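# Structural overview
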Amino acid sequence: MKNEFWLERWRTGQIGWHQAEVNPLLVKHWPQLELPEDCPVFVPLCGKTLDMIWLRRRGHPVYGVEIAEAAVRGFFDENGIRFEVAENREGLPRFSGGGYRIYCGDYLEISAPQIGATQGTYDRGALIAFPPDKRPIYADHVQRVIPDGGETLLITLDYDQARAPGPPFSVPEEEVQALYGERCRIRRLDYFETDLVPPHFKEAGLATVMEGIYRITKEH
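Here we summarise the structure given alongside this text. (Residues numbered from 1 in each chain as written. Predicted model: local features only at pLDDT ≥ 70, side-chain atom pairs only at ≥ 80, totals over all residues. Heavy atoms only, no water.)

## Points about the environment of Phe 201
- As for its position among the elements, Phe 201 is in helix α8 (residues 199-203).
- In sequence terms Phe 201 and Thr 156 are 45 residues apart; their C-alpha atoms lie 15 Å from each other.
- Excluding its chain neighbours within four sequence positions, the residues that come into contact with Phe 201 are Tyr 159, Ala 164, Pro 165, Pro 168, Leu 206 and Val 209. (Helix = DSSP H or I, 4+ residues; strand = E, 2+ residues; numbered from the N terminus. Contact = heavy atoms within 4.5 Å.)

Printed below as a string of structure tokens:
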């Protein structure tokens, strides 16, 4: 999807992917990454997710990137976090405060120095936000900016794409292997059926989908 699509969704408040509570799959599976509680965590396409609050309360400095400034400001304002904005002609504007650092702009412009040695990455809705032709570009860039040895918790959906349009898109396990397998070690942590689906899925007659959770360790 083009950036204009997501910007328009934020402008009009059509943000059905935003959850009002912390994702229980994060709470359940994050400890399996066995990361130090004070290590930085990268959250691509972070929106204003409350999952960042949960990660910070566990001691992690949180670094995010998000295209919509409304989402970035909304995260800080709605959670009562004071922040400062640093404009950078050579990079993305940086919103910082309370142990959070969120860059506002296209995820392809984020660089390894900006997110530092982030040992952890949390991807709940980034990979599944992209159509098939864009997912290799996204996955390649993420693997370029995170350090060797870094751990990622990836959450995906798996369903018959012909029955309902994305986003969120279907990303089956074989595609996860294709996108990450050359540079990473992949372990599936869970795979189960859920009826927590977007309204347009239900309208299309798709009442349930499969949800996949993976631990991805970058090796080179």
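## Focus on the sheet that holds strand β9 (residues 209-218)
- One open sheet accounts for 9 strands, arranged β3-β4-β5-β2-β1-β6-β7-β9-β8; its pairing is mixed. This sheet does not close on itself; its edge strands, each paired only once, are β3 (84-86) and β8 (184-194). Ignoring which end each strand starts from, the neighbouring axes of this sheet average 20 degrees apart.
- Two elements, strand β4 (residues 94-97) and strand β5 (residues 100-104), share 4 bridges in a ladder whose sense is antiparallel. Counted as the bridge partner of Gly 97 is Tyr 100 from β5.
- Its contacts with the sheet place helix α7 (residues 173-180) against β6 (120-123), β7 (151-158), β8 and β9, and it is angled at close to 160 degrees to β8. (Pairing = 2+ DSSP bridges. Axes fitted to C-alpha atoms, helices over the stretch in contact; angles between N-to-C directions.)

## Digging into the side chain of Gln 114
- Assignment of secondary structure puts Gln 114 in helix α5 (residues 112-115).
- By relative accessible area, Gln 114 is classed as buried at 12%.
- Only 2.8 Å separates the side chain of Gln 114 from the backbone nitrogen of Ser 111, close enough to count as a polar contact.
- If sequence neighbours within four positions are ignored, Gln 114 has contacts with Gly 91, Leu 92, Arg 101, Tyr 103 and Glu 109. (Buried < 20%, exposed > 50% of the residue type's maximum accessible area, 1.4 Å probe, protein only. Polar contact = N/O pair within 3.5 Å; in protein donor to acceptor, adjacent residues only side chain to side chain.)

No statement about biological role is implied by the geometric values presented.
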